[in-house]
Amino acid sequence: MSDIIKNMLDFFKSLRFIVLIIILLVGIIPVTFFKIYYLNTYEDNLIQSRIDRLKKVSVVTKNTIITSDYMNTQSSSAVDAELSQVATVFNGRTMIIDKAFKVVKDTYSLNEGNICMSESVIQSFRGQNTVQYSEEKSYIEIALALSSSEKNMEENLFDGVLLMTFSIKDISEDVKQERDRTNIILIIIWIVVITVAVISQLLISRPFKKMAASIDDVKLGQFDRRLSYDGYTELIEVAESIEHMMNRMKELDESRQEFVSNVSHELKTPITSIKVLADSLIMQENVPAEMYREFMTDIVAEIDRENSIITDLLTLVKLEKKTETLKIEKINVNGMVELVLKRLRPIAAKKNIELVFESFRPVSAEIDDVKMTMVISNLVENAIKYNILDGWVRVSLNADYQYFYLKVSDSGIGMPEEALSHIFERFYRVDKTRSRETGGTGLGLSITYNAIIMHKGDIKVHSKEGEGTTFTVRVPLVYAP
Ligand code: ADP
């Protein structure tokens, strides 16, 4: 039993472990992906907003160049001021290239006078302004076509190109810092998720561990040990039903022990008597023949008693076996009762007991002939055994559409109230010596009770000390297995 429960607990443990892994994955994977997504969009947004701003700046610069007639004069304080401001604020290098691809202005002064025929410059002369972003070299390049006058500009007559290059190293730096920060946050989240998962794992497994340990103890036979459980409703329910089962096992274990000790005691008593009787015969010399006969008669009586205990025990054990089945037949119950009474009449006559049978109607029922005969015999035999001289025993038989009712009443010694709940127990006797004198084994009513239960019936007792006893048996007319 406990192995099954242990396996069940092991199953719950592994299930919990799988759940733990799922929690970890669900907790860690989305956060990690979110971090990557967040950093990418963060960088993209920074670059895009920088490009937008630089585009505006380059258009402003272009307009200043056109309005100050720079392409003709090649000098303008307004343009110089504008370019130096762009260089300072946006870390940008500006080159102005004329129609002959000659660099007429370079804020780094490196290329002035040189020819610059880069692709973006050529494209600009064709009227296609370009914006290029190099992630690798961390710069943004903007090339805009220039004209010597606003009129030319309107007519798309280009006299030069404004080429501006801006370093965006600061953005890379910014993204790197952001990455470091999110990495730290991510690690903290990981640690928190793992810690919470591990702690909850420990807390979750604690009741299981406690219960498994209790079950291990039960394995060693401690049925009276209480299971240690708290926490989950399901676990409490499981533990309660296990405890219920353990209590039942404890009761069974106790009743088995009691049965074994009762059986040993009951079987020993006649043997002790036989030994005492035999010993006294052996020890005396020249035993008179009458005494010898008397002792031998007692020894035979004890052997008979031993025999009847063993017979009753075997009957009881057979009845209690789950495999024992009834041999159901349709039986005339009136005939059955009459037969039992006929057999017992001589015994009743010995005490001058009147044996009356009251039959209210003919009853036929689906019952086991041998076992039901045993039930009626036991009850009537007891009614005679525990009766007074010149008393009476009344057996009545009645039925309704569902059951037949057999009542056995007597004018006997009766039983005290407190005994009534025990009389169906094995070896229980109200008065041990009296029962012994009458040859009782204390097993008759246990046998009776078991046989009735097998028929899906029941038995009730009503008794008053000194007045008499009534047993009422109710058995279904149709047997439903
Ligand atoms: P026993 O073999 O001792 O008769 P039973 O199991 O048949 O054992 O009965 C159990 C005890 O119940 C008896 O010892 C007796 O004390 C009591 N008992 C049973 N039937 C009656 C009865 N009709 N009147 C009084 N006591 C009874």
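Bear in mind that the values here come from a model prediction, so they are computed numbers and not experimental data. (Residues numbered from 1 in each chain as written. Predicted model: local features only at pLDDT ≥ 70, side-chain atom pairs only at ≥ 80, totals over all residues. Heavy atoms only, no water.)

**Q** I'd like a rundown of the packing of aromatic side chains, residues and numbers included.
**A** All chains considered together, the criterion is met by 8 aromatic pairs. When the centroid spacing of 6.4 Å and the interplanar angle of 85° are considered together, the rings of phenylalanine 90 and phenylalanine 166 count as edge-to-face. In this pair, phenylalanine 90 is assigned in helix H3 (residues 77–90) and phenylalanine 166 in strand E5 (residues 160–167), connecting sequence segments 76 residues apart. You'll find phenylalanine 90 and phenylalanine 166 in the same group, each marked buried. (Phe/Tyr/Trp six-rings, centres within 6.5 Å; stacked < 30°, edge-to-face > 60°. Helix = DSSP H or I, 4+ residues; strand = E, 2+ residues; numbered from the N terminus. Buried < 20%, exposed > 50% of the residue type's maximum accessible area, 1.4 Å probe, protein only.)

**Q** How would you summarise the side chain of serine 76 if you had to cite specific residues and measurements?
**A** Relative to the elements of secondary structure, serine 76 occurs in the loop between helix H2 (70–73) and H3. Of the residues examined, serine 76 reaches a relative accessible area of 10% and is grouped as buried. For serine 76, the side chain forms a polar contact with the main-chain nitrogen of alanine 78, separated by 3.3 Å. A polar contact is formed between the side chain of serine 76 and the backbone nitrogen of valine 79, at a distance of 3.1 Å. Setting aside chain neighbours within four positions, we find serine 76 in contact with Ser68 and Tyr70. (Polar contact = N/O pair within 3.5 Å; in protein donor to acceptor, adjacent residues only side chain to side chain. Contact = heavy atoms within 4.5 Å.)

**Q** Which residues make up the environment of leucine 267, and what are the values?
**A** Structurally, the position occupied by leucine 267 is in helix H7 (residues 233–283). Spatially, the C-alpha atoms of leucine 267 and glycine 468 are 30 Å apart, while their sequence positions differ by 201 residues. The contacts of leucine 267, once residues within four sequence positions are left out, are Glu306, Ile309 and Ile310.

**Q** Go over the pattern of salt bridges with me, naming the residues and quoting the values.
**A** Enumeration according to the criterion identifies 14 salt bridges in this entry. A salt bridge links arginine 429 to glutamate 266; the nearest nitrogen and oxygen atoms lie 2.4 Å apart. With arginine 429 in the loop between strand E10 (403–410) and helix H11 (432–437) and glutamate 266 in helix H7, the pair connects residues that are 163 residues apart, well separated along the chain. Assigned by exposure class, arginine 429 and glutamate 266 land together as buried. Between lysine 371 and aspartate 368 there is a salt bridge whose closest N-O contact spans 3.4 Å. Across the pair, aspartate 368 and lysine 371 agree in class, each one buried. In this structure, a network of salt bridges that share partners links the residues Glu266, Arg305 and Arg429. (Salt bridge = Lys/Arg side-chain N within 4 Å of Asp/Glu carboxyl O.)

**Q** Break down H3 for me, citing the residues and quoting the values.
**A** Under the 1.5 Å per step criterion, the end-to-end length of H3 is 20 Å for 14 residues, consistent within 8% with the ideal 20 Å. By the burial criterion, the buried members of H3 are Val79, Glu82, Leu83, Val86 and Phe90. Down the axis, H3 shows its buried residues gathered within 95° of arc, on one side only. The exposed residues of H3 that point more than 90 degrees off its buried face are Ser77 and Thr88. Residue asparagine 91 follows H3 closely and has a positive phi angle near 55°. (Expected span 1.5 Å × (residues − 1). Arc of directions from axis to C-beta.)

Such coordinate-based values are descriptive only and should not be taken to indicate function.
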